[in-house]
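A closer look at the structure
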Amino acid sequence: MEIVETKDYEEMSILAAEKVIDRVLKQPQITLALPTGHTPVGLYKRLVEDHRKNETPYQDVITFNLDEYTDLSPDHPNSYHYYMNHHFFQHIDIQEKHAHLPDGTARNLDLECERYEELILKHGGVDLQILGIGQNGHIGFNEPGTPLNSRTHVVKLSESTRKANSRYFHSLQDVPYHAITMGLATIMNSKKILLLASGAHKSATMFRFFHEAVTPDFPATILKHHPNVTVIADRPALKEANVTRGM
Ligand code: GLP
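What comes next concerns the included structure. (Residues numbered from 1 in each chain as written. Predicted model: local features only at pLDDT ≥ 70, side-chain atom pairs only at ≥ 80, totals over all residues. Heavy atoms only, no water.)

Attention now moves to the packing of aromatic side chains. In this description, a pair of aromatic rings is defined by centroid distance and the angle of the planes. Taken as a whole, this structure holds eleven aromatic pairs when the rule is applied. On the basis of an interplanar angle of 25 degrees and a centroid distance of 5.0 Å, the ring pair of Tyr44 and Phe88 is categorised as stacked. In this pair, Tyr44 is assigned in helix α2 (residues 41–54) and Phe88 in the loop between α3 (80–87) and β5 (99–100), connecting sequence segments 44 residues apart. Of the two residues, Tyr44 and Phe88, both sit in the buried class. Seen from their ring centres, Tyr69 and Phe141 are 5.5 Å apart, and the 50 degrees between their planes marks the pair as tilted. Here Tyr69 is found in strand β4 (residues 67–69), whereas its partner Phe141 is found in the loop between β6 (128–131) and β7 (153–156), with 72 residues between them in sequence. Within the aromatic cluster, the residues linked to one another by ring pairs are Tyr44, Tyr58, Tyr69, Tyr80, Tyr83, Phe88, Phe89, Phe141 and Phe169. One cation-aromatic arrangement involves Arg162 over Tyr177; the distance from NZ or CZ to the ring centre is 3.8 Å. (Phe/Tyr/Trp six-rings, centres within 6.5 Å; stacked < 30°, edge-to-face > 60°. Helix = DSSP H or I, 4+ residues; strand = E, 2+ residues; numbered from the N terminus. Buried < 20%, exposed > 50% of the residue type's maximum accessible area, 1.4 Å probe, protein only. Lys NZ or Arg CZ within 6 Å of the ring centre and 35° of its normal.)

Axis separation between α2 and α3 bottoms out at 9 Å; the angle between their running directions is 40 degrees. Between α2 and α3, the crossing angle belongs to the class labelled oblique. Taking contact as the criterion, the partners of Val41, Tyr44 and Val48 in α2 are, on α3, Tyr83, Met84 and His87. Partitioned by chemical class, the residues of the contact of α2 with α3 number five nonpolar, one polar and no charged. (Axes fitted to C-alpha atoms, helices over the stretch in contact; angles between N-to-C directions. Parallel < 35°, antiparallel > 145°, perpendicular 65-115°, else oblique. Contact = heavy atoms within 4.5 Å. Nonpolar A, V, L, I, M, F, W, Y, C, P; charged D, E, K, R; others polar.)

Its boundaries defined by the atoms lining it, the largest pocket holds a volume of some 720 Å³. Every residue lining the largest pocket is counted, 37 residues in all, and those nearest its centre are Gly37, His38, Asn165, Arg167 and Tyr168. When contributions to the lining of the largest pocket are tallied by element, the ones reaching two or more residues are β4, α3 and α5 (159–165). Per element, the largest residue contribution to the lining of the largest pocket is four residues, and it comes from α5. Of the residues assigned to the lining of the largest pocket, the class counts are 15 nonpolar, 19 polar and three charged. When its volume is computed, the second largest pocket comes out at roughly 250 Å³. Elements that contribute at least two residues to the lining of the second largest pocket include exactly α3 and β5. Residue classes in the lining of the second largest pocket are distributed as five nonpolar, four polar and two charged. (1 Å grid on protein atoms, 1.4 Å probe; cavity = no way out; pocket = protein on both sides within 12 Å on 5 of 7 lines; lining within 4 Å. Points joined across faces, edges and corners; volume = space filled by probe spheres on them.)

Glancing now at the site of the ligand. Lining the immediate surroundings of the ligand are 15 residues, of which His38, Thr39, Asp67, Arg167 and Lys202 lie closest. Here Arg167 contributes a side-chain N or O atom positioned 2.8 Å from an oxygen atom of the ligand. Contact with the protein chains covers 95% of the free accessible surface of the ligand, which is 400 Å². Of the residues belonging to the shell around the ligand, the class tally is four nonpolar, eight polar and three charged. (Near = heavy atom within 4 Å. Polar contact = N/O pair within 3.5 Å; in protein donor to acceptor, adjacent residues only side chain to side chain. Areas by Shrake-Rupley, 256 points an atom, 1.4 Å probe, with all protein chains shown as cover.)

Structural data, given as structure tokens:
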């Protein structure tokens with residue numbers, strides 16, 4: 001695992017954007033898997049700036065988002081559909097039909113999970129998976145206790161995750177109780193993984209990530225079994241980590 005420490009959030013975002021742009025230029029038909037949350041906002045901002053300035057092309061890029069809440073329509077301001085359009089898709093030249101998110105409003109959610117998983121496989125799997133990390137070690141919405149061999153599935157969100165994400169909603173009651181997420185095995189199938197972490201509130205999380213053995217209790221630890229992971233984290237997030245950094 002490669003671990004890169006940056007000075008701050010800005011530098012983390014710039015470095016992550018450089019890596020993504022480099023891959024998109026080398027492989028214009030790349031399949032990306034994308035996260036939401038606060039962490040990647042700066043990355044998307046840099047990608048949009050670069051697209052405006054250098055016209056990095058996204059016409060042939062395919063994207064799959066990691067997750068989506070159930071019961072929020074795509075135009076709901078708290079849906080991840082909305083987030084992705086707002087922060088990224090509407091500012092680049094990606095084709096709408098190439099930008100995939102799970103449909104959290106599907107009548108049969110289990111069928112929707114199967115459809116999503118098959119669609120990823122049909123596209124030959126994910127080339128570059130970008131991830132954030134929840135304070136309890138979740139990746140996507142794979143909460144503690146998720147089986148390590150899970151595929152795209154419906155999850156019941158933990159109370160700590162609902163509380164953490166309630167900052168984007170009017171109140172805690174408005175936060176959905178369920179979501180669809182790519183599973184841990186889906187994520188592990190990606191050819192390359194970029195994990196981003198920022199801020200002192202992630203420092204205990206990053207300590208556990210680096211020092212705990214692989215366990216469903218802290219789902220992100222599964223990434224230790226992946227052969228091609230780069231962690232880009234800022235100094236506050238790594239302040240307790242006690243690991244060797246290097247490019
Ligand atoms: C949400 C998302 C995750 C994300 C996590 C961390 O729960 N489903 O994909 O990684 O939050 O969010 P943040 O980047 O805001 O800390």
